[in-house]
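So you can see what is in the structure, the chains are spelled out below.
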Amino acid sequence: MEFLRTLKPLFTLPQHWIPVRCIPTRCCSNLAKASVNSRQRRTAVDRFRTQLSSGPNFQDFIKGVSVNKTQPADEESSDRHGYLSEDLEMGNSRRVYFETYGCQMNVNDTEIAWSILQRKGYLRTSDLNEADVVLLVTCSIREKAEQTIWNRLQQLTAMKRKRLKTHTPMKIGILGCMAERLKTELLEREKLVDVLAGPDAYRDLPRLLTVADGGLQASNVLLSLEETYADIMPVHYAPQGHSAFVSIMRGCDNMCSYCIVPFTRGRERSRPVSSILEEVRLLSDQGVKEVTLLGQNVNSYRDTSEEQFCGSDLTQHSRGFKTVYRTKQGGLRFSDLLDRVSLIDPDMRIRFTSPHPKDFPDEVLHLIAERRNICSQIHLPAQSGSSQVLKAMRRGYTREAYLDLVKNIKKIIPEVSLSSDFISGFCGETEDDHQQTLSLIREVGYNVGFLFAYSMRKKTSAYHRLQDDVPAEVKRRRLEECISVFREEAARVNAALIGSTRLVLVEGKSKRSAEDLCGRTDGNMKVIFPKEDVAAQFAESNTAPINAGDYVLVKISSANSQSLRGRALGHSSLRGSVKHCETLPTHRVDERVASVNTVD
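Scope of this entry: the structure provided in the associated data block. (Residues numbered from 1 in each chain as written. Predicted model: local features only at pLDDT ≥ 70, side-chain atom pairs only at ≥ 80, totals over all residues. Heavy atoms only, no water.)

### Focus on the overall build of the protein
Looking only at helices and strands, one finds 17 helices and 23 strands in the protein. Within the protein, the fraction of its 600 residues that count as buried is 55%. Surface exposure of the protein reaches about 26,700 Å², of which carbon and sulfur atoms provide 49%. (Helix = DSSP H or I, 4+ residues; strand = E, 2+ residues; numbered from the N terminus. Buried < 20%, exposed > 50% of the residue type's maximum accessible area, 1.4 Å probe, protein only. Areas by Shrake-Rupley, 256 points an atom, 1.4 Å probe, with all protein chains shown as cover.)

### Describing the sheet that holds strand E14 (residues 377–379)
The strand order across the open sheet formed by three strands is E14-E15-E16, and the pairing between neighbours is parallel. Edge positions in the sheet fall to E14 and strand E16 (448–453), since each of these pairs with one other strand and no more. Taking the axes of each pair of neighbouring strands and ignoring which way they run, one obtains an average angle of 10 degrees across the sheet. In this sheet, strand E15 (residues 417–424) lies alongside E14 in parallel orientation, the contact comprising three bridges. Bridging from a neighbouring strand, histidine 379 pairs with serine 419 of E15. Along the sheet, helix H17 (residues 472–495) contacts E15 and E16; its crossing angle with E16, the most-contacted strand, is approximately 175 degrees. (Pairing = 2+ DSSP bridges. Axes fitted to C-alpha atoms, helices over the stretch in contact; angles between N-to-C directions. Contact = heavy atoms within 4.5 Å.)

### Some remarks on the packing of helix H11 (residues 334–344) against helix H12 (residues 362–370)
Close contact between H11 and H12 brings their axes to 9 Å; oriented N to C, the two are set at 15 degrees. In terms of orientation, H11 and H12 fall into the roughly parallel class. Along this stretch, H11 crosses H12, giving a crossing that reads as left-handed. The segment H11 lies against H12, with Phe334, Ser335, Leu338 and Asp339 engaging Glu363, Val364, Leu367 and Ile368. Grouping the constituent residues of the contact of H11 with H12 by class yields five nonpolar, one polar and two charged. (Parallel < 35°, antiparallel > 145°, perpendicular 65-115°, else oblique. Left-handed = near helix turned anticlockwise from the far one by under 90°. Nonpolar A, V, L, I, M, F, W, Y, C, P; charged D, E, K, R; others polar.)

### Concerning the packing of aromatic side chains
By convention here, two paired aromatic rings are described through the distance between centres and the angle between planes. Scanning all chains against the criterion turns up 11 aromatic pairs. Here phenylalanine 98 and tryptophan 114 contribute two aromatic rings whose centre-to-centre distance is 6.4 Å and whose plane-to-plane angle is 70 degrees, an arrangement assigned as edge-to-face. Of the two residues, phenylalanine 98 sits in strand E1 (residues 95–100) while tryptophan 114 sits in helix H4 (residues 104–119), which places them 16 residues apart along the sequence. Like phenylalanine 98, the residue tryptophan 114 is buried in the burial classification. Every member of this aromatic cluster is reached through a ring pair, and the members are Tyr258, Phe426 and Tyr454. (Phe/Tyr/Trp six-rings, centres within 6.5 Å; stacked < 30°, edge-to-face > 60°.)

### Looking at unusual backbone geometry
Trans peptide bonds make up most of the peptide bonds, and negative phi angles are found at most residues other than glycine. That bond from threonine 353 to serine 354 is cis: its omega, 0 degrees, falls within 30 degrees of zero. In this model, lysine 459 sits at a positive phi of 80 degrees, which is unusual for a non-glycine residue. Here lysine 459 shows up in the loop between E16 and helix H16 (461–465). Judged by its relative accessible area of 34%, lysine 459 falls in the partly exposed class.

### Examining the sheet that holds strand E4 (residues 171–176)
Taken in spatial order, the six strands make up an open sheet running E2-E1-E3-E4-E5-E6, and their pairing is parallel. Because the sheet does not close on itself, it has two edges, and the strands there are strand E2 (123–124) and strand E6 (218–220). Direction of pairing for strand E3 (residues 133–138) relative to E4: parallel, over a ladder of six bridges. What sits directly across from leucine 135, in E4, is glycine 173. Packing of H4 onto the sheet brings it into contact with E1, E2, E3 and E4, and relative to E1 it is tilted by some 170 degrees. Across the sheet, helix H8 (residues 205–213) touches E3, E4, strand E5 (195–197) and E6, and the angle it forms with E5 is around 165 degrees.

### Things to note about the side chain of asparagine 254
Here asparagine 254 is to be found in the loop between strand E8 (249–250) and helix H9 (261–265). By relative accessible area, asparagine 254 is classed as buried at 8%. Separated by 3.1 Å, the side chains of asparagine 254 and lysine 358 make a polar contact. The residues contacting asparagine 254, other than those within four sequence positions of it, are Asn297, Val324, Tyr325, His356, Lys358 and Arg394. (Polar contact = N/O pair within 3.5 Å; in protein donor to acceptor, adjacent residues only side chain to side chain.)

### Concerning the pairing of strand E23 (residues 564–572)
Where strand E19 (residues 526–530) and E23 come together, two bridges link them in parallel fashion. Paired with valine 527 across the bridge in E23 is leucine 564. Relative to E23, strand E22 (residues 551–559) is paired through eight bridges, and the arrangement is antiparallel. For serine 558, the partnering residue across the bridge sits in E23 and is arginine 565.

### Description of the environment of leucine 380
Considering the arrangement of structural elements, one finds leucine 380 in the loop between E14 and helix H13 (387–393). With relative accessibility at 0%, the residue leucine 380 sits in the buried group. Through-space distance from the C-alpha of leucine 380 to that of serine 419 is 6.0 Å; in sequence the pair is 39 residues apart.

### Side note on the nonpolar core
In globular proteins that are soluble, nonpolar side chains generally tend to be buried together. Core analysis: the largest hydrophobic core is formed by 57 residues, its most contacted members being Ile248, Leu293, Phe334, Leu338, Ile378, Tyr402 and Tyr446. In this structure, leucine 293 is in contact with Val246, Ile248, Val298, Phe334, Leu338, Ile350, Arg351, Phe352 and Thr353, ignoring residues within four places of it in sequence. If you look at the next biggest cluster of nonpolar residues, it comprises 24 residues, including Val96, Leu205, Leu209 and Ala218. (Core = buried A, V, L, I, M, F, W, Y, C linked by side-chain atoms within 4.5 Å.)

### Quick look at H4
Think of an α-helix as 3.6 residues a turn; residues three or four steps apart then line up on the same face. The end-to-end C-alpha separation of H4 is 23 Å, in line with the 22 Å expected for 16 residues at 1.5 Å each. In terms of burial, H4 is a largely internal element, 12 of the 16 residues being buried. Residues Met105, Asn106, Asn108, Asp109, Thr110, Glu111, Ile112, Ala113, Trp114, Ser115, Ile116 and Leu117 constitute the buried set of H4. (Expected span 1.5 Å × (residues − 1).)

### A short note on the environment of isoleucine 546
Within the secondary structure, isoleucine 546 is located in the loop between strand E21 (543–544) and E22. For the pair isoleucine 546 and alanine 568, spaced 22 residues apart in the sequence, the C-alpha separation amounts to 9.1 Å. Beyond its immediate stretch of four places on either side in the chain, isoleucine 546 contacts Val506, Leu517, Phe529, Glu532, Val534, Val552, Ala568 and His571.

### Re the pairing of E19
Judged from the five bridges that link them, strand E18 (residues 516–520) and E19 form a sheet pairing that is antiparallel. Looking at E19, one finds that aspartate 516 is bridged to proline 530. Following E18, the chain reverses through five residues before pairing antiparallel with E19; asparagine 524 in that reversal takes a positive phi of roughly 70 degrees.

### Describing the pattern of salt bridges
Counted under the stated rule, the structure contains 33 salt bridges. Between arginine 265 and aspartate 109 there is a salt bridge, and its shortest N-O distance comes to 2.8 Å. Pair noted here: arginine 265 is in helix H9 and aspartate 109 is in helix H4, with a separation of 156 residues, a long-range link. When sorted by exposure, arginine 265 lands in the same class as aspartate 109, which is buried. One salt bridge in this structure joins arginine 269 and aspartate 200, with 2.4 Å as the shortest N-O distance. You can see arginine 269 sitting in strand E9 (residues 269–270) and its partner aspartate 200 sitting in the loop between E5 and H8, a full 69 residues away along the chain. Taking relative accessible area as the criterion, arginine 269 reaches 6% and is therefore assigned buried. A cluster of three or more residues bridged by salt bridges with shared partners is formed by Asp109, Asp200, Arg250, Arg265 and Arg269. (Salt bridge = Lys/Arg side-chain N within 4 Å of Asp/Glu carboxyl O.)

Given below as structure tokens:
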């Protein structure tokens, strides 16, 4: 190995050859909409296919060697591939259609992928029938999530066969977690897709699509220890345009025994703070009123990109919590980032998801309590109320430690809104374990729960070491009981809010009635109220209409387990209001518990 390491500076496999996986299928080329001369492009494609069939030559393996002996000086040179002409990598106004499944990280991944393709001349369409390229951004967290994608691929393949009879054939690509986990099945066995790109390979999309345009299948599912897309400014595509997701870190090091994420998204790495602040400032300039910081383990953020950040102090965890890895040292922490982000725009709400309970030291909690624009809402995934099950899950805490954390959070942030994740029917879960979970739900008083029946995933520690021994019907029953308890809690906490006044960020029209508007409170509670002109500022006589993106004060008049109802009193702002309008607890009530095998 030492001998091989000495060769590394001289012999390196070029980036453009590593990820290519070519399986001869059919020869077709989408040339109808190309802006370059079709005959020249066909010749270039044929020449490219000839190069692919012969493979790289010796010079391709020698670092720093090129035919012209010179290297491009511009910043995009690292993304270019010597065997592809620049014209071939251009989209030439081909239309791309995205479908996004799963978590908010996949929404952000879609925005990153689109930013990369937009630079290369692709156009985006919301009409599937117009699409030249269809890209599915996928999720592998549960079996049902993957089955949804398989079903969709069958539909798209049927549509593609019809398009083959025309002069504009369609290409299908799978992006994200499912691309990494099921690459062999997708490319070789089923042969339903043309392109696969894992979560760390979106920069390679233009090249992969070029390979597919030449009639070959192509994939890049390599995971990276460094990729954060820090230099890629996502193209936010939210319909309302008043809220946005900002990715601050990628991957996860926790290695919970049930979770596939470390195997599909790789190790933790944090985006430089300067890049994050730049994106948030840009969103503020565009009028965005709410930003959600994203990461698989968002509050374990640790920026070591600059020397002055790399001190000797150890990462502080919640009291009573431990990790499966050695305590990390140095870096700019999540509390530092949250502090800097919240100062950019005092009238912009800041949220974050999804955190791990181990990463809530007191400095984070005090910052949330002090800053008016950091929402007093914390997602605190418990997964189970049984210490025995938590140990099997490798969560790093006991029931008692978790409850102590909840007490500390409520002490520092008295009006906090808590939500959680729970898994029913994990390996070895007994009836007593299940009852402990129900009692934890009641004791904490969550107002939102994301609940699922356990679905074993290959590659995980549970797959190799534990038995999925809880029958499906038992999982279903226990899940239904957990959902029932959550609904009881939501109805209870919501009823206590009747008569209080809440600051609401308006999202737009209610889905059920064009006469009503819908928005959310600081605690992420959904509030529905009539669409009518109200005071331009609270207690003023002049009135003004309410639009999406406005802050309004709403007095709550009724509640159910899913939402609040009220009437707007007047326009307001984060700067001009106290953090909580009443002393009543602010609980999140957007009740979105899941049924069996249902992904929210």
